[in-house]
Every structure is written in structure tokens, then in C-alpha cells.
Amino acid sequence: MSELFAGKYLLKERLGVGGMAEVWLAELKGPQGFSRQLVIKRILPHLADDDNFITMFEDEARLAARLNHPHAVRVEEFGQSGDVWYLAMEYLDGYDLRERLRNAGHVPASEAVAIIDSVAQSLDEAHKMEIIHRDLKP
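Summarised in this report is the structure supplied together with it. (Residues numbered from 1 in each chain as written. Predicted model: local features only at pLDDT ≥ 70, side-chain atom pairs only at ≥ 80, totals over all residues. Heavy atoms only, no water.)

Notes on the pairing of strand E2 (residues 9-17)
Here comes step 1: Examined bridge by bridge, strand E1 (residues 3-5) and E2 share 3 bridges and lie antiparallel to one another. The partner of Glu-3 across the bridge, within E2, is Leu-11.
Here comes step 2: Counted along the chain from E1 to the antiparallel partner E2, the turn is 3 residues long, and its residue Ala-6 has a positive phi close to 55°.
Here comes step 3: Summarising the sheet, E2 and strand E3 (residues 21-29) pair through 7 bridges and their orientation is antiparallel. Bridged to Tyr-9 within E3 is Leu-28. (Pairing = 2+ DSSP bridges. Helix = DSSP H or I, 4+ residues; strand = E, 2+ residues; numbered from the N terminus.)

In C-alpha cells:
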């Protein structure tokens, strides 16, 4: 599915959906053939009128924008298109750890240690900024 969102993002593939938001692989479209891949996280339509959730999403945007770490995804933009709030975020090409485990059955110990170390480093940086992450996923 390709859908133009917020006038400049071409939504290409839904990467995931949770209880409150969905995440899309997208392409930023600009003048003279400019384009760049990124990710759009947007509030699910049935939550668009929930003021409490919108406030939590705004807080997430502000906190995430403060992070600057090689193991943390960078927030490029926070905005609203119609009644849908969204975050435009850096796209990191990689694999889903859950899918990797499903396919391979295990991850070599050295790779597992490297993954855990990367996550711990980024969480340490967030904690130094008094940001507590409450939703870690593979």
C-alpha cells in the first residue's frame, strides 16, 4: 500500500501496530526528485480524540527529541495531519530480533552481548537525562 500522508510522506509498508500507534516505513518526498526513507509513527484513528493519549504522545516526542545517541532513533519531526498526530523518525535498516529468533532459534552469544550492550548504553544515556523508557521491544 502506498498512501500520501501529511502531504510529504509516502507510506510504503506498515512495520507494526500496537495498542496506541502504528509505525510505517515511509519516504519523504521533496522537490527535484529529493527523497529519503524514514519511519512514521502515528496515533491510531480511534485515539485521535483522546486528550490524555495525545498528551502522552506529545511528551514522548519532546523526550525522544532530546536524545542524541548512536543507539537511539532520532526524531526528525513531530506534527499533526488532520486529526492524526505523528512522529517522523530516522529509519535504521536492520532486523527484528523476534523474527531472527523465530527463524534461527538462537543468537550467538557474542551477538547477544553486543545487542544487550547497545541497548544498555542507550538506556544509560536516557537515564542520565532522567528519561525512563517503559516500552522496550525486540
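Text resumes after the structure shown.
Structural notes on the packing of aromatic side chains
Here comes step 1: All told, the structure shown has 5 aromatic pairs when counted by the stated rule.
Here comes step 2: Arranged with centres 5.2 Å apart and planes meeting at 80°, the rings of Phe-5 and Tyr-86 form a pair that is edge-to-face. In this pair, Phe-5 sits in strand E1 while Tyr-86 sits in strand E6 (residues 84-90), placing the two residues 81 residues apart along the sequence.
Here comes step 3: The class for Phe-5 is buried, based on a relative accessible area of 5%.
Here comes step 4: The exposure class of Tyr-86 is buried, given its relative accessible area of 3%. (Phe/Tyr/Trp six-rings, centres within 6.5 Å; stacked < 30°, edge-to-face > 60°. Buried < 20%, exposed > 50% of the residue type's maximum accessible area, 1.4 Å probe, protein only.)

Structural measurements only, silent on function.
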